Amino acid sequence: MKEKTLNITHVDVEDPKIKKRNLWYYPLGTVGRDMIYTMVTSFLYLYVLYTKELTDAQIVAITMIMVAARVFDAFNDPIMGNIIERTRTKWGKFKPWLLAGSLSTSVVVFLAFNTKLTGWSFVTFFGVIYLLYSITYTMNDIPYWGMVPAISRTGDSRNQITARATLFAGIGGTLAGLMIPMFTAGALQLGGNASTAYGIIALIVAILSPLFAAFTLAGVKENRDDMEKPADKISFKLIAETIFGNDQLRWMVLIFLLHQIANDLIIGGIGANYVYFRYGYEGGLYSLFTTVGMSATALLMIFYPAISRKMCRKTFMKILLYVAAVGSVLMLVSGLVMPANMAAFWTLTIGYMLLAFGLYGYHLVLMISIFNTVEYNEFKTGSRREGIITSIRPFITKLAGALVVVITSFCYLIFRVTDFTNKIANLEQAANQNLITTEMKNAQVAQVIQNVSRGQSVGMLLFMVIVPFVLLLISYLLYKRFYKLDEEKYAEILRQLEA
């Protein structure tokens, strides 16, 4: 059967009017999307810990579910990228999947945070809903980031688009990181208990995500010239050939994996529990910790295009490593030397701000480095394969997320975190059923936290500081040694492709 052809209108994405339009409408699309991502990645496990009373066996089961779903999801990403490459519609190959993924993810996330099930019934429900989230968010994430090479055709444009999209993603994540703990624990808790609070916030972000996605769907213009070519057949062989046939992409898989574990470990749950256990069950404190901690990264995303014109990526990464080292030392000093007071809290927070500055700076550089392997692949093979190559970033992110869950759960079991969270969850359930007042609940929660030993809190601190910095150091050394697509080499490849 003859494949249906489409009349493709050429779009010059480097035209100043189109470029300006894309520089706003594309980044705006990720604000709500990253609110959902942050809610699931950083707070779903906390929601489980602080609203459900779980045995060690149930914690292990939930950990296994999250790991299995994320590994499945990770390997599903290149398949989704391949499906996108096969898509031929008058709306392009990215936007139909972005719309479907945005709407379905919102429904799944709302359901995830609005259930009264407990015990093994909840564990079963969690398994189903988490698998559904893995599938729907993949439909959302892969087409969004896959658009980057299609809306930027020069190194400078790609730096601008990626930096601004990462900035707006950070805004969405920071808004969620500020709102969720503030309104789910402590004085500003919605509904007087954690279960109700999480349910309300899930509804809010489920509505906001598709609204923000509409900016990208309606406003962005991408280059669709590659859709004039016959689409490659969906095959694991094509995916494997793309990944393993591109030596620079192969190294980026390992480097980005190590970095993502470092990047997600603190906000994956350990950081929140450490703040609650050492400084009190007050969501406002954790909101300060994450918001101030991420504030410096906003400046980085704004000024990175200008920085990239003055400084090569490897030199910039070296500076970021030094900044992260200073931040790590401050965080350790706050917990190992200082008493548990506000001075120690602010030392911890400033330290995290510096560490996060280094981590997210690496995140931006490594994302651009992955995107640049698209042109390298075109140079070597004659085919860009944007959908497959750009799907590698979320593939690695989710694989790293699975490992973060393992490390986090290991930390919880070693330091008996659930001994305290189960008691707090029991009190939250009692408040939800109006068996005790909110004031009584808060007073009893404070008594529970007073029983956390210094050894337990110090152990959590070491997990969330030493592990990320060591992984950051290893990723830098590997990048410096094996990644060859520096600014000069990439510009040369672009010149040859143009010729």
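Here goes a summary of the coordinates provided. (Residues numbered from 1 in each chain as written. Predicted model: local features only at pLDDT ≥ 70, side-chain atom pairs only at ≥ 80, totals over all residues. Heavy atoms only, no water.)

**Here's the deal with the overall build of the protein chain**
As a reminder, the rule being used: Helix and strand definitions follow DSSP, with helices as H or I runs of at least four residues and strands as E runs of at least two, each counted in order from the N terminus. Relative accessible area decides the class of each residue, using a 1.4 Å probe on protein chains only: under 20% of the type maximum gives buried, over 50% gives exposed, and in between gives partly exposed. Contacts are assigned to residue pairs that have any heavy atoms within 4.5 Å of one another. Exposure was quantified through the Shrake-Rupley algorithm and a 1.4 Å probe, taking into account, for residues, occlusion by the shown protein chains and nothing else.
If you tally the helices and strands in the protein chain, you get 21 helices and zero strands. In terms of its C-alpha atoms, the protein chain occupies a principal-axis envelope of roughly 70 × 50 × 40 Å. By the burial criterion, 59% of the 499 residues in the protein chain qualify as buried. Intrachain contacts of the protein chain at a sequence separation of at least 6 include 86% that bridge at least 24 residues. Put simply, the protein chain shows about 19500 Å² of open surface, and 67% of that area lies on carbon and sulfur atoms.

**Focus on unusual backbone geometry**
Leaving glycine out, the prevailing phi sign among residues is negative, and the prevailing peptide bond configuration is trans. Even without glycine at this site, Arg-416 takes up a positive phi of about 50 degrees. When you line up the elements, Arg-416 lands in the loop between helix 17 (392–414) and helix 18 (417–432). According to the relative accessible area criterion, Arg-416 is partly exposed, its value standing at 29%. A positive phi angle, near 60 degrees, is found at Asn-434, a position not held by glycine. Considering the arrangement of structural elements, one finds Asn-434 in the loop between helix 18 and helix 19 (438–450). Given a relative accessible area of 71%, Asn-434 falls into the exposed group.

**Looking at the pattern of salt bridges**
To keep it simple, the criterion reads: The term salt bridge refers to a pairing of a side-chain nitrogen on Lys or Arg with a carboxyl oxygen on Asp or Glu at a separation within 4 Å.
For the structure shown, the criterion picks out eight salt bridges. The shortest N-O distance in the salt bridge between Arg-33 and Asp-34 comes to 3.7 Å. By relative accessible area, Arg-33 is classed as buried at 3%. Owing to a relative accessible area of 13%, Asp-34 belongs among the buried residues under this scheme. With its nearest N and O atoms 3.2 Å apart, the salt bridge here joins Lys-441 to Glu-428. Placement of Lys-441 in helix 19 and of Glu-428 in helix 18 is noted, with a sequence separation of 13 residues between them. You'll find Lys-441 and Glu-428 in the same group, each marked buried. Through salt bridges that share partners, Arg-33, Asp-34 and Asp-141 make up one connected network.

**Comments concerning the packing of aromatic side chains**
Selection criterion: When two rings of Phe, Tyr or Trp (its six-membered ring) have centres within 6.5 Å they constitute a pair, described as stacked for plane angles under 30 degrees, edge-to-face for angles over 60, and tilted for the intermediate range.
Evaluation of the coordinates by the stated rule reveals 28 aromatic pairs. Ring geometry for Tyr-47 versus Tyr-198: centroids 5.2 Å apart, planes at 70 degrees, classification edge-to-face. Placement of Tyr-47 in helix 2 (residues 31–51) and of Tyr-198 in helix 8 (residues 194–219) is noted, with a sequence separation of 151 residues between them. Assigned by exposure class, Tyr-47 and Tyr-198 land together as buried. What links up through ring pairs into an aromatic cluster is the set Phe-43, Tyr-50, Tyr-276, Tyr-281, Tyr-286, Phe-289 and Tyr-352.

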